[in-house]
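Letter by letter, the chains look like this.
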Amino acid sequence: MATRRPFVGGNWKMNTTAREADALARAVTAPAADDIDIAVFPPFVYLDRVSAALRQAGSPTIVGAQDLDHRDNGALTGQVSAAMLTDLGCTAALTGHSERRHILGDSDDLVGLKTARALGSGLICLLCIGETLEQREAGDTDAVNERQLRAGLAHAKPASLDALVVAYEPVWAIGTGRTASPEDAQNAHAAIRGVLADLTDNRTAQATRILYGGSVKPSNAAELFAQPDIDGGLIGGASLDPEAFAAICQAATHTTSTTSSAR
Ligand code: PEP
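Residues numbered from 1 in each chain as written. Predicted model: local features only at pLDDT ≥ 70, side-chain atom pairs only at ≥ 80, totals over all residues. Heavy atoms only, no water.

Some words on the overall build of the protein chain
Then step 1. When helices and strands are counted, the protein chain shows eleven helices and ten strands.
Then step 2. A compact globule built from 263 residues should have a C-alpha radius of gyration of about 18 Å, and the protein chain, at 17 Å, falls within 12% of that.
Then step 3. In terms of overall dimensions, the protein chain has C-alpha extents of about 45 × 45 × 40 Å along its principal axes.
Then step 4. Taken over 263 residues, the protein chain has a buried fraction of 53%.
Then step 5. Taking contacts inside the protein chain between residues at least 6 apart in sequence as the whole, the part at least 24 apart equals 75%.
Then step 6. Counting every atom, the protein chain has about 11,300 Å² of accessible surface; 51% of that belongs to carbon and sulfur. (Helix = DSSP H or I, 4+ residues; strand = E, 2+ residues; numbered from the N terminus. Rg over C-alpha atoms; globule rule 2.2 N^0.38 Å. Buried < 20%, exposed > 50% of the residue type's maximum accessible area, 1.4 Å probe, protein only. Contact = heavy atoms within 4.5 Å. Areas by Shrake-Rupley, 256 points an atom, 1.4 Å probe, with all protein chains shown as cover.)

Digging into empty space enclosed by the protein
It is a probe the size of a water molecule, rolled over the atoms, that shows where empty space is left.
Then step 1. Summed over all chains, the structure comprises one cavity of 30 Å³ or more.
Then step 2. Empty space within the largest cavity amounts to approximately 30 Å³.
Then step 3. Every residue lining the largest cavity is listed: Gly 96, Ser 98, Arg 101, Cys 128, Ile 129, Gly 130, Gln 148, Glu 169 and Val 171.
Then step 4. Residue assignment for the lining of the largest cavity shows that the elements contributing at least two residues are helix H4 (98–102) and strand E6 (124–129). (1 Å grid on protein atoms, 1.4 Å probe; cavity = no way out; pocket = protein on both sides within 12 Å on 5 of 7 lines; lining within 4 Å. Points joined across faces, edges and corners; volume = space filled by probe spheres on them.)

Observations concerning the sheet that holds strand E3 (residues 37–41)
Then step 1. Taking strand neighbours around the barrel as the criterion, the eight strands line up as E2-E3-E4-E5-E6-E7-E8-E9 in a closed arrangement whose pairing is parallel. Averaged over all pairs of adjacent strands, the angle between strand axes in this sheet comes to 25 degrees, irrespective of strand direction.
Then step 2. Sheet topology places strand E4 (residues 62–65) next to strand E5 (residues 92–95); two bridges connect them, and they run parallel. Each residue of the ladder has a partner; that of Gly 64, found in E5, is Ala 92.
Then step 3. Set on the sheet, helix H7 (residues 141–152) makes contact with E6 and strand E7 (164–168); between it and E6 the angle comes to about 145 degrees.
Then step 4. Contacting E6, E7 and strand E8 (209–213), helix H8 (residues 182–199) runs over the sheet at an angle of about 145 degrees to E8. (Pairing = 2+ DSSP bridges. Axes fitted to C-alpha atoms, helices over the stretch in contact; angles between N-to-C directions.)

Description of the nonpolar core
Then step 1. Counting 59 residues, the largest nonpolar core has Val 50, Leu 149, Tyr 212 and Phe 225 as the members making the most contacts within it.
Then step 2. In terms of residue count, the dominant contributor to this core is helix H11 (residues 242–253) (six residues).
Then step 3. Counting residues in each nonpolar core, the second largest holds twelve residues, with Phe 7, Ile 62, Cys 128 and Ala 167 among its members. (Core = buried A, V, L, I, M, F, W, Y, C linked by side-chain atoms within 4.5 Å.)

As for the pattern of salt bridges
Then step 1. If you walk through the whole model with that rule in mind, you get 20 salt bridges.
Then step 2. Between Arg 117 and Asp 72 there is a salt bridge; the shortest N-O distance is 2.7 Å. Residue Arg 117 is located in helix H5 (residues 108–120), and its partner Asp 72 is located in the loop between E4 and helix H3 (82–87); the two are separated by 45 residues in the primary sequence.
Then step 3. We classify Arg 117 as partly exposed; its relative accessible area is 25%.
Then step 4. Between Asp 106 and Lys 114 there is a salt bridge; the shortest N-O distance is 2.9 Å. Neither Asp 106 nor Lys 114 differs from the other in exposure class; each is buried. (Salt bridge = Lys/Arg side-chain N within 4 Å of Asp/Glu carboxyl O.)

Quick look at the structure:
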C-alpha cells in the first residue's frame, strides 16, 4: 500500500506588505509538519525574505512561487525564470491558477509550457484546473478538467511527474465563500485521477496528490479532506489568517489517504 501525504498550500496572491509577510512566515513555522507537507506562495518580491525566515527557523514549510516564465532568460521584461526561483530557495510553483487563466490570460498551452518548465527544473508543481460556473451549469465540469489536465501535462516528461500535485479549484468557489459539496468535489477528484491514470499509469495516478481549493475554511476543511481522493487543499483567503491556516493544516494532518498500488 502506498500513502499520499497530505499537502496544504497557502496562496497569498497579491497581498501582504513586507512586514506582514514576515509575520505570516513566522506564524507558519509553528505547525508540526511531521505527517503533512505545508507550502506558502508569497508574492515574488517577498520570496527571498520568507524563504530566509523559514530557513532560519528550521521550518520544513515549502516556499513556492505563484507563477513562473517557461523560458530560460532574455528580453522578457517583468518575467521570472525557474532558475531565479530556485536561487531564492523556492522549491515549488503554481501553474494555471484560475486568476492567471481568467484575468491574466494564460492559455491552456502556456500553462502546459510553464508546468513542464517547473517540473523539469525540479520544482514541485501545483497545476491548477477547474471549471467556471457557466461550464458547471452546462454539465461540463469533468470535460473542462480533463482538457486542462491534458494540456497542462502535454509538454511534461513522464519522469518528472513525481513532483506533480494537481489542484482542483472550481472557479466559482474561489474567493466567493461558496464551496463544492464534499460529494461533488470527491466526484471531480475521482474523475481527475482517472484521467491521470489514462495519461500516465495507475501507479502514478494513485500516488499523485489532488488538492481541493475554493473557499476552504476551518469549518469545512475536515469534511472535504475526509474524502478518499482529496489529499489536502490550496487555500487563498484563509491562508492570510495564521490561526485559520493552522486549523486547516491540522484538519489535513490526520487524513492520509492509502492507495492500493505501491509507488
Ligand atoms: C485560491 O486562490 O487558490 C483559493 C482557493 O482561494 P480561496 O481559498 O480564497 O477561495
